Amino acid sequence: EDKVVQSPLSLVVHEGDTVTLNCSYEVTNFRSLLWYKQEKKAPTFLFMLTSSGIEKKSGRLSSILDKKELFSILNITATQTGDSAVYLCAVENFGNEKLTFGTGTRLTIIP
Amino acid sequence: NAGVTQTPKFQVLKTGQSMTLQCAQDMNHEYMSWYRQDPGMGLRLIHYSVGAGITDQGEVPNGYNVSRSTTEDFPLRLLSAAPSQTSVYFCASSLTGMVRYEQYFGPGTRLTVT
């Protein structure tokens with residue numbers, strides 16, 4: 001059974017700090033790892049990482065994938081209050097047509 | 001382009017009642033899925049469909065039925081509601097079944113079963 005574990009469960013930092021969110025996974029046939037941001041309602045897509053693209057960056061957010069050690073990190077630099085959200089990690093099993101999600105990390109940015 | 005829409009936004013049911021959560025998308029996406037989100041449990045896949053006429057079970061299918069008669073609609077039916085089905089339900093869609101990075105989520109339905 002595929003499994004995704006995220007840490008920490010919650011994190012409170014001050015505006016301007018840099019944060020690192022962790023995601024470790026076990027999947028029988030890895031295809032991709034995805035990061036989502038969930039504010040009050042539906043998750044919105046941030047990044048997808050595959051074996052052919054192990055680092056992604058978008059503005060202050062960046063993510064890397066370590067396929068050997070089976071984990072990914074999401075970095076957010078110069079955090080802003082708008083970054084407050086739950087960040088979800090999910091893995092895709094090749095040919096399985098299913099995503100397995102972690103429980104998420106709740107990030108709170110204090111002004 | 002409305003994206004993924006879900007109705008209702010909120011629903012309260014009594015144990016044993018049945019109901020249908022509606023999901024529709026106007027992006028001509030082949031792949032649609034239903035998740036439930038509970039505190040401390042993350043998103044768990046209930047059922048999914050890779051195209052009209054094709055559905056399959058996810059991680060937690062018991063107590064739920066789905067059908068996919070059209071590309072646009074993917075309703076989720078609760079056959080006999082139980083308090084354990086109290087949750088937030090999200091419908092999602094993506095262009096194809098194999099690459100889900102473009103998965104779009106609906107706004108969710110908060111269901112309470114008393």
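Structure's up top.
Residues numbered from 1 in each chain as written. Chains lettered and ligands numbered in written order. Predicted model: local features only at pLDDT ≥ 70, side-chain atom pairs only at ≥ 80, totals over all residues. Heavy atoms only, no water.

Visitor: Would you mind showing me how to read the sheet that holds strand 3 (residues 19–26) of chain A here?
Guide: Note: strands within a sheet are paired through backbone hydrogen bonds, in either parallel or antiparallel orientation. Residues and elements named next belong to chain A. Strand order in the open sheet formed by 5 strands is 1-3-8-7-6, with antiparallel pairing between adjacent strands. Of all strands in the sheet, those with a lone pairing partner are strand 1 (3–7) and strand 6 (55–58), marking the two edges. Each strand axis lies, on average, 15 degrees off the axis of its neighbour in the sheet, ignoring direction. Alignment of strand 7 (residues 61–66) against strand 8 (residues 71–76), held across 6 bridges, turns out to be antiparallel. Its bridge partner being in strand 8, S62 is matched across the sheet by N75. (Pairing = 2+ DSSP bridges. Helix = DSSP H or I, 4+ residues; strand = E, 2+ residues; numbered from the N terminus. Axes fitted to C-alpha atoms, helices over the stretch in contact; angles between N-to-C directions.)

Visitor: It is not clear to me how the pairing of strand 4 (residues 30–38) of chain A should be interpreted in this structure. Could you clarify?
Guide: Along any regular strand, the residues point their side chains to alternate faces of the sheet. Residues and elements named next belong to chain A. Taken across its 9 residues, strand 4 has 8 buried, putting it largely inside the fold. As judged from the 8 bridges shared by strand 4 and strand 9 (residues 85–93), these two strands associate in the antiparallel manner. Bridged to Q38 within strand 9 is V86. Of the pairings in the sheet, the one linking strand 4 to strand 5 (residues 43–50) comprises 7 bridges and is antiparallel in character. Bridge pairing in strand 5 links L33 to L49. Joining the antiparallel neighbours strand 4 and strand 5 is a turn of 4 residues. (Buried < 20%, exposed > 50% of the residue type's maximum accessible area, 1.4 Å probe, protein only.)

Visitor: What's the story with the packing of aromatic side chains in this structure? I'm lost.
Guide: Aromatic ring pairs are defined here through the distance separating the ring centres and the angle between the ring planes. Summed over all chains, the structure comprises 10 aromatic pairs over all chains. Summarising the aromatic geometry, the rings of A:Y36 and B:F105 are spaced 5.6 Å apart at their centres and angled 90 degrees between planes, so their arrangement reads as edge-to-face. Within this pair, whereas A:Y36 is found in strand 4, its partner B:F105 is found in strand 10 (residues 104–105), the two belonging to separate chains. On the basis of relative accessible area, A:Y36 is assigned to the buried category, the value being 0%. Their ring planes at 75 degrees and their centres at 6.5 Å tell us that A:F101 and B:F105 sit as a pair that is edge-to-face. A residue pair is termed interchain when its members come from two chains, as with A:F101 in strand 10 (residues 99–101) and B:F105 in strand 10. For the pair formed by A:F101 and B:F105, the shared burial category is buried. (Phe/Tyr/Trp six-rings, centres within 6.5 Å; stacked < 30°, edge-to-face > 60°.)

Visitor: Is there a simple way to explain the pairing of strand 9 (residues 87–94) of chain B in this structure?
Guide: All names here are of chain B. Among the 8 residues in strand 9, 8 count as buried, and that is most of the element. Burial of strand 9 is two-sided: the residues S87, Y89, C91 and S93 facing one way and the residues V88, F90, A92 and S94 facing the other way are all buried. Pairing geometry for strand 4 (residues 31–38) and strand 9, over 7 bridges, is antiparallel. Considered in strand 9, the bridge of R36 is made with Y89. When strand 9 meets strand 11 (residues 109–113), the two strands line up antiparallel, connected through 3 bridges. When the sheet's bridge partners are listed, Y89 is paired in strand 11 with T109. When strand 9 meets strand 10, the two strands line up antiparallel, connected through 2 bridges. Looking at the pairing, A92 lines up with F105 of strand 10.

Visitor: Would you mind going over the pattern of salt bridges with me for this structure?
Guide: It is possible for side chains of opposite charge to pair when their charged atoms get near one another. All names here are of chain B. Under the criterion given, the structure shown has 5 salt bridges over all chains. R36 is the salt-bridge partner of D38, the closest N and O atoms lying 2.9 Å from each other. Each of the two residues, D38 as well as R36, counts as buried. Notably, a salt bridge pairs D38 with R44, separated by 2.8 Å at the nearest N-O pair. Judged by relative accessible area, R44 falls into the buried class, the value being 16%. Salt bridges sharing common partners tie together R36, D38 and R44. (Salt bridge = Lys/Arg side-chain N within 4 Å of Asp/Glu carboxyl O.)

Visitor: Would you mind showing me how to read the nonpolar core here?
Guide: What tends to happen in soluble globular proteins is that the nonpolar side chains get buried as a cluster. Core analysis: the largest hydrophobic core is formed by 22 residues, its most contacted members being A:Y25, A:F30, A:L33, A:W35, A:Y87, A:V91 and A:L107. Those elements that provide at least two residues to this core are strand 3, strand 4, strand 5, strand 7, strand 8, strand 9 and strand 11 (105–110) of chain A. Not counting the four nearest positions on each side in its chain, A:Y87 is found in contact with A:Q6, A:L21, A:Y36, A:K37, A:L46, A:L74, A:I76, A:G104, A:T105 and A:L107. Judged by nonpolar contacts, the second largest core, of 19 residues, contains B:I46, B:Y64, B:F74 and B:L78. (Core = buried A, V, L, I, M, F, W, Y, C linked by side-chain atoms within 4.5 Å. Contact = heavy atoms within 4.5 Å.)

Shape is all these values report; function is a separate question.
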